[in-house]
Amino acid sequence: MQLVVARIGRAHGIKGEVTVEVRTDEPELRLAPGAVLATDPASTGPLTIETGRVHSGRLLLRFEGVKDRTAAEALRNTLLIAEVDPEVLPEDPEEFYDHQLVDLDVVTADGTEVGRITEVSHLPYHDLLVVERPDGSEVMIPFVTEIVPEIDLEEQRAVITPPPGLLDEERAEVASSRDAADEAGPTGGSEQDRAPEGDRPSRGEDA
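Residues numbered from 1 in each chain as written. Predicted model: local features only at pLDDT ≥ 70, side-chain atom pairs only at ≥ 80, totals over all residues. Heavy atoms only, no water.

Asker: Residue-level account of the overall build of the protein chain, with values.
Answerer: From N to C terminus, the protein chain includes four helices and 12 strands. Expressed as a percentage of its 207 residues, the buried residues of the protein chain come to 35%. Nonlocal contacts in the protein chain, meaning residues at least 24 apart in sequence, comprise 52% of its contacts between residues at least 6 apart. In the structure as shown, the protein chain presents an accessible area of about 12300 Å², 48% of it carried by carbon and sulfur atoms. (Helix = DSSP H or I, 4+ residues; strand = E, 2+ residues; numbered from the N terminus. Buried < 20%, exposed > 50% of the residue type's maximum accessible area, 1.4 Å probe, protein only. Contact = heavy atoms within 4.5 Å. Areas by Shrake-Rupley, 256 points an atom, 1.4 Å probe, with all protein chains shown as cover.)

Here's what the structure looks like:
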């Protein structure tokens, strides 16, 4: 199975390096020196990674045969595609590849049908499951363990425990009004400062 693992960005410097937007949780495996990657558009590849390094928080790659800035800039916006065995699972049991999640049925803990996963959207802080509901509408579900505590690949389903308002906007409005009243207090005082929530565990995948 072919999976998009990165997108090439701008050229960096004059020796053929490019910035890369990583779309895999396993860059040390998928984007290691020596890796041969297919491309989209296909005419720019295949590309063999010659070197890789991190600079200012971004991954920089150099490909064999790409020796100057002009050649590197010609690769901009190219997608890098890796061949992945669909039977192989990520090493972390809490992580899943996108192809394992798409088409899973989504149900609540009490068995209520929610819909079907049609896409996984990758954001900087966590991923979102795009779920198509039976009426054709879509709902975005943060892919964090507090909301998606169970992925059952054998049963082909994802079990969710949605907070108020995630699936029902009317409940969200009621909860929001109640929270505002609680924070104001009986005398209508100002909202108290609250510590920000801690980092939530997320699950990343190849895109």
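There is more to say after this.
Asker: Requested: an account of unusual backbone geometry, with residues and values cited.
Answerer: In this structure, the amide linkage connecting Asp 40 to the following residue, Pro 41, adopts the cis form with an omega of 10°. Structurally, the position occupied by Pro 41 is in the loop between strand 3 (36-40) and strand 4 (47-55). The omega torsion across Gly 45 and Pro 46 is 0°, close enough to zero to call that bond cis. Looking at the element boundaries, Pro 46 is found in the loop between strand 3 and strand 4. The phi angle at Asp 103 is positive, at roughly 85°, despite the residue not being glycine. For Asp 103, the location among the structural elements is in the loop between helix 3 (98-101) and strand 7 (105-108). At Gln 156, a position not held by glycine, the phi torsion is positive, near 55°. As for its placement among the helices and strands, Gln 156 is situated in the loop between strand 11 (150-152) and strand 12 (157-160). By relative accessible area, which is 37% here, Gln 156 ends up partly exposed.

Asker: I'd love a proper account of the pairing of strand 10 (residues 138-142), names of residues and values included.
Answerer: Alignment of strand 9 (residues 127-132) against strand 10, held across five bridges, turns out to be antiparallel. Paired with Val 131 across the bridge in strand 10 is Val 139. What sits between the antiparallel neighbours strand 9 and strand 10 is a turn of five residues, in which Gly 136 has the positive phi angle 95°. (Pairing = 2+ DSSP bridges.)

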